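# Understanding the architecture of this molecule
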Amino acid sequence: MSVQTLQFKAEVKQLLDLMIHSLYSHKEIFLRELLSNASDAIDKVRYESLTNTSIIEGDADWKIKIKADKSAGTLTISDNGIGMNEEDIVRSLGTIAHSGTKEFLQHLSSQQIKDHPELIGQFGVGFYSGFMVAEKIAVISRKAGEPKDKAVRWESKAEGTFEIESFERSSRGTDVILYLKEDEKHFLDEWEIRRIVKKYSDYIEHPICMDVEKDKKITEETLNSRKAIWLKDKSEITAEEYNEFYKHVSHDFTDPAKVIHFKAEGTSEFSALLFIPQKAPFDLFYKEYKIGPTLYVKRVQIMDHCEELLPVYLRFVKGVVESSDLPLNVSREILQSNRQIEVIKKNITKKVLDTLSEMKTAEYEKYVEFYNEFRKSLKEGLYVDQQRKDALRDLMLFESTRTERGKYTTLKNYVDGMKSGQEEIYYITGSSREELEKSPYLEAFKEKDYEVLFLLDEIDDFISHELEYQGKKVKSVTKGDIDIDKTRATQKKDAQKKYSKLIDLIKDVLKDDVKEVRFSSRLKDSACVLVADEGDMDQNMERILKAMGQSVPGGKRILELNPSHSLFESMNALFEKDKSHPTLKEYAGLLYDQALLLEGSKPKDPSNFAKLVAKLMVDNVKA
Ligand code: ADP
C-alpha cells in the first residue's frame, strides 16, 4: 500500500485544534493517557490469549517501554499489546469513539476552551492529548495474530489529515512516537519521566520500563511499583493515590466525591475499590454509556465494564472489583447467571447506598451537591429496585412549602413535622417551584399549615406513589377529593345541597369538558379549580407524556368550586330569579376558563373568553 492521506472526522479536527492551541497547564497528562492506552492494549491481548493461546507467539512478557531520544527529539511509548491493523487504526485514530467527549465538544466553542483551558481536563482526552506536546505523532502497529508485513504506520501533524501506509514490525504491538515541540523537550528528561510515571501511572499492572544509564552501563529499569491499588491495605494508600486512580478508571478529571474501598471475606472473597463522582458526565443517560466497574479475576482484567456487578441505576459508580472465586475464562453468559456475581452485586450495592446514607448524615452539604447531580439515578432506583426501596426513600430530598427555595427536606423530617390530625403526605408536581407556590391547590394547605412537597423532576410523577413513609400514605393535592378541615368539609356539604340545582346547570353547560362539577374544601381564595380524579392522570403527567411523544387519552377532569366564594351566592340568586338567564351559561363557561388559566393552560376559546371578560367589565361600570 502506498501512502494514503485521509481526513479526520470533524469532531477530531475540533479536538485537535483545541489540543494544539490549548493553554492547559497540565500537559504532562498526555503520558498518562498514552500509558493507559498501552496498558489497555496489553490487557486485551492477555484476555484473548486465555482462549486463543496462538496469538501470544511466544511473547507473554507483557511490557510497556518508554524511550527518550534526545538527538531526534522523540519520545516513544511501545507496548506488546493487541495492536491495530489498518482498519482499526483508521477508526481508532481518525474518529472519536467516546460519546461523552463528542457531546462535550458540541456544547463548547473553541473560544470557551481558550478562555477556560482547565475545561480540557474534564473530558476523556486520550490519544489526541499527545498533540499538546508534539508537533507530529507517528504510530506503528501490528495486530496480534497478523503477519509481520501487515503492520501499519500512521502519521499526522494534526492539520486536518493523517497518513497511513503499510509497514513492517517484527512483533505484535504498538509504538507511539511523539516528535516533541521545541519548548516541550523537557519531557525527554529522565527524571521528568520518572516523576510523571510515578505520579499518574504507578499502579499500572504491567511494567513501564526505560533504559537508564547507571555506572556507565545501560540497564532497563521498571519505573512503576505495579501494585494493584485495590489489593493494597487502606492504610498504605494516600488520598492523592486514590484520586489519581479514580481519574484513570473514570476518565474524569475532577476528584471523586467518595471512595469506597473494602475486602469481603467468607463465602465470597473479593476486593472492591469504588468511587462516587462529584459531577455527572454528559452522557450518563446515553444508550452507549458504559455501566459497571472493571472486573479482575486473579489480577487479570476480564472486562472493563462489568454491568452485571451493579444495578443499572447506579450507573455513576466507577471502580474495580477483583474476585478470586471466578474462573479466568468467565464469559458474559456465565456472568449473567453466576451466583458469585450475584453475591458481589448485592454486597457492593449495599455498600454504595450505605455510603450515600452516611454522607447524607455526616456531610450534608456534600451530599446535597451529589444529590443535585445524580438524583435522577436514585429516583430511577426507587422506581425499579423493589428490595431497596426503604434505603432509597431515605436518600430522597425534596423542596417543600416549608423549605427555602433550593433547600431540601426529607420524608422523615416531613413525617416528624406533620400537624396533629394530618394523616397523609401531600405533594404537588410541576416544573417550577415559583409557579407551584402560587397554585390555588395549596390554598387550604397553607391555611392549615400542612407541609406540601414540591416534586419538580419529570421522573417524580412516576415515583410519587413510592413515597409512602412510616405507614403514611401519599396524596397529590391536585387529585381526588381532599378534606383536611372540618369546617370547610361542612361548608362543602352544605353548599352541595343548597346549590344542587345550580350545579346541575353548570354541569349541563360543561358536559363536554368536565366529568363532574362539585364543591370543594381545598380552596380558600380562588373561585374554582380543575382536579384529576383519584386514579386519573393529572395535568402535569399529561404534559410530560405528551412531551415524550406518547398519545395521551384525553381524560376529563373535575371542576371544583369554592363554597366560601360569594360568586356562587350571586349566581344562585340569579338562578332563582330566572333559571334560563343567558348570563348563567356565560358564567359557567368563564368558571371553566378560569380554572384552565389557574393550572397554566389556555382558555378553551381565548377570543370568546376575552369578549366575555370585556362585557363583564362594561356591565360592571354600568352598574
Ligand atoms: P480511549 O482510550 O478513551 O478509547 P483514545 O483516543 O486514547 O481513546 O484511543 C482510541 C482508541 O485507539 C482506543 O480505544 C484503542 O482502540 C486504540 N488505541 C490507542 N492506543 C492504542 C495502543 N497502544 N494499542 C492498541 N490500540 C490503541
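The paragraphs below set out a description of the structure included in this document. (Residues numbered from 1 in each chain as written. Predicted model: local features only at pLDDT ≥ 70, side-chain atom pairs only at ≥ 80, totals over all residues. Heavy atoms only, no water.)

So, about the layout of surface pockets. Each pocket or cavity is described by its volume, and for the second largest pocket that value is around 460 Å³. Forming the walls of the second largest pocket are 23 residues, and the residues nearest its centre are Thr429, Leu436, Gln539, Glu599 and Gly600. Listed by contribution, the elements that provide at least two residues to the lining of the second largest pocket are β16 (425-429), α13 (433-437), α18 (539-547) and α20 (582-598). At 3 residues, α18 tops the list of elements feeding residues into the lining of the second largest pocket. Taken together, the residues of the lining of the second largest pocket break down into 8 nonpolar, 9 polar and 6 charged. (1 Å grid on protein atoms, 1.4 Å probe; cavity = no way out; pocket = protein on both sides within 12 Å on 5 of 7 lines; lining within 4 Å. Points joined across faces, edges and corners; volume = space filled by probe spheres on them. Helix = DSSP H or I, 4+ residues; strand = E, 2+ residues; numbered from the N terminus. Nonpolar A, V, L, I, M, F, W, Y, C, P; charged D, E, K, R; others polar.)

Let's shift gears to the environment of Val320. Tracing the chain through its elements places Val320 in strand β14 (residues 318-323). Assessed through its relative accessible area of 1%, Val320 is described here as buried. In the structure, Val320 is positioned 174 residues away from Asp494 in sequence and 67 Å away in space, judged by C-alpha atoms. Val320 has contacts with Trp230, Phe245, Val249, Ser271, Ala272, Leu273, Leu274, Pro293, Thr294 and Tyr296, leaving out every residue within four places of it along the chain. (Buried < 20%, exposed > 50% of the residue type's maximum accessible area, 1.4 Å probe, protein only. Contact = heavy atoms within 4.5 Å.)

The immediate surroundings of the ligand are formed by Asn37, Ala41, Asp79, Met84, Ser92, Leu93, Gly126, Phe127, Thr174 and His251. Interatomic distance of 2.7 Å between a side-chain N/O atom of Asn37 and an oxygen atom of the ligand. One nitrogen or oxygen atom from the side chain of Asp79 is found 3.0 Å from a nitrogen atom belonging to the ligand. Here the ligand loses 76% of its free accessible area of 530 Å² to cover by the protein chains. For the shell around the ligand, the class distribution of residues is 4 nonpolar, 5 polar and 1 charged. (Near = heavy atom within 4 Å. Polar contact = N/O pair within 3.5 Å; in protein donor to acceptor, adjacent residues only side chain to side chain. Areas by Shrake-Rupley, 256 points an atom, 1.4 Å probe, with all protein chains shown as cover.)

Attention shifts here to the side chain of Asn562. Its location among the elements puts Asn562 in the loop between β21 (557-561) and α19 (566-577). Polar side-chain contacts of Asn562 include one of 2.9 Å to the backbone oxygen of Ser526. If near-sequence neighbours (up to four positions away) are discounted, Asn562 is found in contact with Phe519, Leu523, Lys524, Asp525, Ser526, Ala527 and Phe568.

Let us now look at unusual backbone geometry. One non-glycine residue with positive phi stands out, namely Asp215, at about 50°. In this fold, Asp215 is placed in the loop between β8 (208-214) and β9 (217-222).

This part is about the sheet that holds β21. Read from one edge of the open sheet, 3 strands run β19-β21-β20, paired in mixed fashion. Two strands close off the open sheet at either side, each with one partner strand: β19 (514-519) and β20 (528-531). Strand-to-strand twist in this sheet, taken as the mean axis angle between neighbours without regard to direction, amounts to 25°. Pairing of β19 with β21 involves 5 bridges; the strand directions are parallel. If you follow Val517 over to β21, its bridge partner there is Leu559. Helix-sheet contacts for α20 involve β19, β20 and β21, and the interaxial angle to β20 is about 65°. (Pairing = 2+ DSSP bridges. Axes fitted to C-alpha atoms, helices over the stretch in contact; angles between N-to-C directions.)

Moving on: the sheet that holds β16. Backbone hydrogen bonds are what pair the strands of a sheet, in a parallel or an antiparallel way. Judged by pairing direction, the sheet is mixed, and its 4 strands sit side by side in the order β15-β17-β16-β18 without closing on themselves. The open sheet has two free edges, formed respectively by β15 (399-400) and β18 (474-476), since each of these has just one partner strand.

Our next topic: the pairing of β16. Taking burial as the measure, the 5 residues of β16 include 5 buried ones, the bulk of the element. Alternating positions in β16 separate into two faces, Ile425, Tyr427 and Thr429 on one and Tyr426 and Ile428 on the other, with burial throughout. Bridge count between β16 and β18: 3 bridges; the pairing is parallel. Bridged to Tyr427 within β18 is Ser476.

Everything listed here is a matter of geometry and, on its own, says nothing about what the molecule does.
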